[in-house]
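# Observations on the three-dimensional arrangement
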Amino acid sequence: MGFLDTILGRSKPVRPDLDRLFALPSAAVTLQAAAGFRPTGLGSVCFASVEGGAFRGIQEEVRGLLGSPAEFSQDEYGYTWMLARHAPEDTAGLVNDLHAVNSSLESAGFGPQLLCSLMGFQDDRDRSLALVYLYKRGTFYPFAPQTGPDKAAEKRDNPLELEVRAMLGDDLEIEQDVSRWFPVWGAPGL
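Just so it is clear, the model here is predicted, and its values are computed rather than measured.

## Some thoughts on the pairing of strand S1 (residues 38–48)
Inspection of the sheet shows S1 paired to strand S4 (residues 114–122) by seven bridges, in the antiparallel sense. When the bridges of S4 are listed, Gly43 appears paired with Met119. As paired elements, S1 and strand S3 (residues 79–85) share seven bridges and run antiparallel to each other. Looking at S3, one finds that Leu42 is bridged to Arg85.

Given below as structure tokens:
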């Protein structure tokens, strides 16, 4: 980083560290003990769509890599989601799969297309929560869609998100800039 970058306020981009995903199982234990949120066994990886034969190749490679069914879907913004399913108590297996998919995409040259990965949780009051890993920032943030009669209104449970941030500060590298806590409405695994 040069002098001009410093003056103009530019910073060196954070290099993604996919190994940070391996902190999720301990964060899951903390969430369950402190707030009653249990893993759902669902997790997903989101990336910008890849066209044609390259995309089919990625799908085949991921399915072969995981050895379990991987479901692919596209959201309304054109992003591709890969959903992995495990037994709720197998957080380590789920994290291994998410890490393998991210690593495979990265090593195939699709790292710039990777956006995020998430792991889903739910509590006894039927509230959903996701811990979202931002690939390009190397940080996590909680996303909690509001539940209730107006669930379709796409509102966030901000107090819960802030509470989870405080709970997990010792377990995960939490994204400090809350403006980067993007909503992932309708994400598979949430």
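## Considerations on the pattern of salt bridges
For the coordinates displayed, the defined rule picks out seven salt bridges. As a salt-bridge pair, Arg127 and Asp123 come within 2.7 Å of each other at their nearest N and O atoms. With a relative accessible area of 16%, Arg127 lands in the buried category. The class of Asp123 is buried, set by a relative accessible area of 7%.

## A short note on the environment of Phe143
Along the chain, the position of Phe143 falls in strand S6 (residues 139–143). The exposure class of Phe143 is buried, given its relative accessible area of 0%. Considered as a pair, Phe143 and Trp181 are 38 residues apart in the sequence and their alpha carbons are 7.4 Å apart.

Calculation criteria
Residues numbered from 1 in each chain as written. Predicted model: local features only at pLDDT ≥ 70, side-chain atom pairs only at ≥ 80, totals over all residues. Heavy atoms only, no water. Pairing = 2+ DSSP bridges. Helix = DSSP H or I, 4+ residues; strand = E, 2+ residues; numbered from the N terminus. Salt bridge = Lys/Arg side-chain N within 4 Å of Asp/Glu carboxyl O. Buried < 20%, exposed > 50% of the residue type's maximum accessible area, 1.4 Å probe, protein only.

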